[in-house]
Amino acid sequence: MSRVVDVPDLVARARSGEPRAVARLISLVEDASPHLRDVAAALAPHTGRARVVGLTGSPGVGKSTMTSQLVTALRRKELRVGVLAVDPTSPFSGGALLGDRVRMQEHATDPGVFIRSMASRGHLGGLAWATPQALRVLDAAGCDVVLIETVGVGQSEVEVAGLADTTVVLVAPGMGDGIQAAKAGILEIADVFVVNKADRDGADQTVRELKHGLSLARRERQGPIWRPPVVRAVAARGEGIEDLVDAIHSHRTWLVDRGELELRRQARAAAEVEAIALQQLRSRIGDLRGGTALDQLAKRVATGEVDPYAAADDLIEGLR
Ligand SMILES: Nc1nc2c(ncn2[C@@H]2O[C@H](COP(=O)(O)OP(=O)(O)OP(=O)(O)O)[C@@H](O)[C@H]2O)c(=O)[nH]1
Ligand SMILES: [Mg+2]
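Starting afresh in each chain, residues are numbered from 1 along the sequence in its written order. Whichever chain is written first is A, and whichever ligand is written first is 1; the rest continue in order. Residues qualify for local features only when their pLDDT is at least 70, as the model is predicted, and side-chain atom pairs are given and counted only at 80 or more; totals for whole chains, interfaces and linings, by contrast, use all residues. The side-chain numbers reported here are obtained from all heavy atoms of the structure, hydrogens and water having been left aside.

J.: Is there a simple way to think about the pairing of strand S5 (residues 166–171) in this case?
T.: Note on strand geometry: in a regular strand, side chains alternate between the two faces of the sheet. Of all 6 residues in S5, 6 are buried; the element is thus mostly enclosed. The cut-offs for exposure are 20% and 50% of the maximum accessible area for each residue type, with area from a 1.4 Å probe on protein chains only; residues under the lower value are buried, those over the upper are exposed, and the others partly exposed. Numbered from the N terminus, helices here are DSSP runs of H or I no shorter than four residues, and strands are runs of E no shorter than two. Burial along S5 is two-sided: the face carrying Thr166, Val168 and Leu170 and the face carrying Thr167, Val169 and Val171 are both buried. Any two strands with at least two DSSP-identified bridges between them are counted as paired. Pairing between strand S1 (residues 51–57) and S5: 5 bridges, direction parallel. Directly across from Gly54, in S5, lies its bridge partner Thr167. With 4 bridges connecting them, S5 and strand S6 (residues 192–195) associate as parallel partners. Each residue of the ladder has a partner; that of Val171, found in S6, is Val195.

J.: Would you mind showing me how to read the packing of aromatic side chains here?
T.: Here the distance between the centres and the angle between the planes together describe a pair of aromatic rings. Two aromatic rings from Phe, Tyr or Trp, using only the six-membered ring of Trp, form a pair when their centres are within 6.5 Å; if the ring planes differ by under 30 degrees the pair is stacked, by over 60 it is edge-to-face, and anything between is tilted. Enumeration over the complete set of coordinates arrives at 1 aromatic pair. Aromatic pair Trp226 and Trp254: ring centres 5.6 Å apart, planes at 50°, arrangement tilted. Here Trp226, found in the loop between helix H10 (203–216) and strand S7 (230–232), pairs with Trp254, found in helix H11 (residues 241–258); they are 28 residues apart in sequence, far enough to count as distant. The class for Trp226 is buried, based on a relative accessible area of 13%. The exposure class of Trp254 is buried, given its relative accessible area of 10%.

J.: Sorry, what's going on with helix H12 (residues 260–291) here?
T.: By this rule, a helix spans an expected 1.5 Å times one less than how many residues it contains. Over its 32 residues, H12 runs 44 Å from end to end, which matches the ideal 46 Å to within 8%, given 1.5 Å per residue. Among the residues of H12, Glu260, Leu261, Arg264, Arg265, Arg268, Glu272 and Leu288 are the ones counted as buried.

J.: Would you explain the packing of helix H1 (residues 7–15) against helix H2 (residues 19–30) in this entry?
T.: Between two packed helices, what matters for the description is the angle formed by their axes and the separation of those axes. Contact geometry of H1 with H2 gives a least axis separation of 8 Å together with a crossing angle of 130°. Between H1 and H2, the crossing angle belongs to the class labelled oblique. For the element pair H1 and H2, the recorded crossing hand is left-handed. Residues Leu10, Val11, Arg13 and Ala14 of H1 lie in contact with H2, whose contacting residues are Ala21, Val22, Arg24, Leu25 and Leu28. To get an axis, fit a line to the C-alpha atoms, keeping to the stretch in contact for a helix; angles then go from 0 to 180 degrees between the N-to-C directions. In these notes the angle categories are as follows: under 35 degrees is roughly parallel, over 145 is roughly antiparallel, 65 to 115 is roughly perpendicular, and the rest is oblique. By definition, turning the near helix anticlockwise from the far helix through less than a right angle yields a left-handed crossing, and turning it clockwise yields a right-handed one. Residue contacts are defined here by distance: any two heavy atoms, one from each residue, within 4.5 Å place the two residues in contact.

J.: Sorry if this is basic, but what is going on with H11 here?
T.: Think of an α-helix as 3.6 residues a turn; residues three or four steps apart then line up on the same face. Relative to the 26 Å expected for 18 residues at 1.5 Å per residue, H11 spans 26 Å between its end C-alpha atoms, a close match to the ideal helical length. Of the positions making up H11, those classed as buried are Ile241, Leu244, Val245, Ala247, Ile248, His251, Arg252, Trp254 and Leu255. Those residues of H11 hidden inside the fold are in contact with S1, helix H4 (63–76), S5, S6, S7 and H12.

J.: Sorry, what's going on with the sheet that holds strand S2 (residues 81–87) here?
T.: Picture the strands of a sheet paired through backbone hydrogen bonds; they go either parallel or antiparallel. Read across the open sheet, the 7 strands follow the order S3-S2-S4-S1-S5-S6-S7; overall the sheet is parallel. Unpaired on one side and paired on the other, strand S3 (113–119) and S7 mark the two borders of the sheet. Here the strands of the sheet are splayed against their neighbours by 20° on average, with no regard to which way each runs. With 7 bridges connecting them, S2 and S3 associate as parallel partners.

J.: Got a minute to help me understand the nonpolar core in this structure?
T.: Side chains that are nonpolar tend, in soluble globular proteins, to be buried together. Residues belong to one nonpolar core when they are buried, are Ala, Val, Leu, Ile, Met, Phe, Trp, Tyr or Cys, and are joined through side-chain atoms within 4.5 Å. Formed by 32 residues in total, the largest nonpolar core has its most connected members in Val22, Leu25, Leu84, Leu138 and Ile148. Among the secondary structure elements, those contributing two or more residues to this core are H1, H2, helix H3 (36–43), S2, S3, helix H6 (126–140) and strand S4 (145–151). Counting 27 residues, the second-largest nonpolar core is a separate cluster that includes Leu147, Ala233, Ala235 and Ile241.

J.: Explain the pattern of salt bridges here, please?
T.: Side-chain pairs of opposite charge can arise whenever the charged atoms involved come near each other. For salt bridges, the criterion is a side-chain nitrogen of Lys or Arg within 4 Å of an Asp or Glu carboxyl oxygen. On inspection of all chains with the given rule, the structure shows 15 salt bridges. With a shortest N-O distance of 2.8 Å, Asp110 and Arg75 are connected by a salt bridge. Taken together, the positions of Asp110 in the loop between helix H5 (98–104) and S3 and Arg75 in helix H4 put the pair 35 residues apart, joining distant regions of the chain. Judged by relative accessible area, which is 19%, Asp110 ranks as buried. Residue Arg75 is classed as partly exposed on the basis of its relative accessible area, which comes to 25%. Of the charged contacts, one joins Glu317 and Arg320 as a salt bridge, the two residues approaching to 3.3 Å between their closest N and O atoms. Given the relative accessible area of 48%, Glu317 is considered partly exposed. Connected through shared salt-bridge partners, Asp165, Arg252, Arg265 and Arg268 make up one network.

What follows is the structure, encoded as structure tokens:
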């Protein structure tokens, strides 16, 4: 399909806040369009401003409800907000996250808000690859804050932590979530905890479990220690939102004061570059000798003729 894309024009329109241009750019990066390089190059000078906040937690814990509340709070401060709802389990993109659409409905017509759902399964490199590019689009489009919602399954919450300046982990009472969080290593990635659904029984206990877990956790991270606050909230009723905004803000200030923000962003960029480079290497290896190089070597390795390390050297040699 050879649809003509005027990348500089698209970027200019996105920067002036035209939602359709933003959406189109995200589609281009998401679909790994041939224009991807041009898009990346055109966006780069306009990026690095947005604050990135990740929200993660178990299915149904209230991430979308909370995200919507945060959007409202941030809009009250007249900030432009981008929302990326990433579903690591779904191969469908765009309109797939119906529940999110419903919960974000009140912001759908606000020109200061961009909302985008993304799937990550079935994508080359998954969340690690497409999401940072979409983030760049929203950043260049002038979003002051980008909220990334991801369901906490497997690696996804760790990946979202890699993307965000501040990672918010939501838990709910009565799901054993406090203890589970301690077990699942989530204590390590959370900058702020929210005990959501605090209107339910057991909220106090969950707060206690979390605080206890946090006090025990040996934080092996290098550098200065941030103690994640635990915020109680009832997202469905808009309670605790200001506390969460304050906690995110405090964390941000802490990051900036210690020079940690720069380090996090460099680490993020490193992961991004590495993911792109590895993907390119993989595709070049796949193309070697008309796509047969790996198979030919594999046969010789399987029969013991060549050892796998020598075969790998051979493959790398072929790329020169
Ligand atoms: N009782 C109570 N219900 C809540 C609260 N916050 C959200 N809910 C409800 O919990 C359900 C799930 O909320 P969502 O915001 O869709 O949760 P989510 O974490 O985004 O869900 P997934 O994206 O499917 O993982 C909805 O029915 C919400 O109305 C709360 O503070 N208290
Ligand atoms: Mg959701």
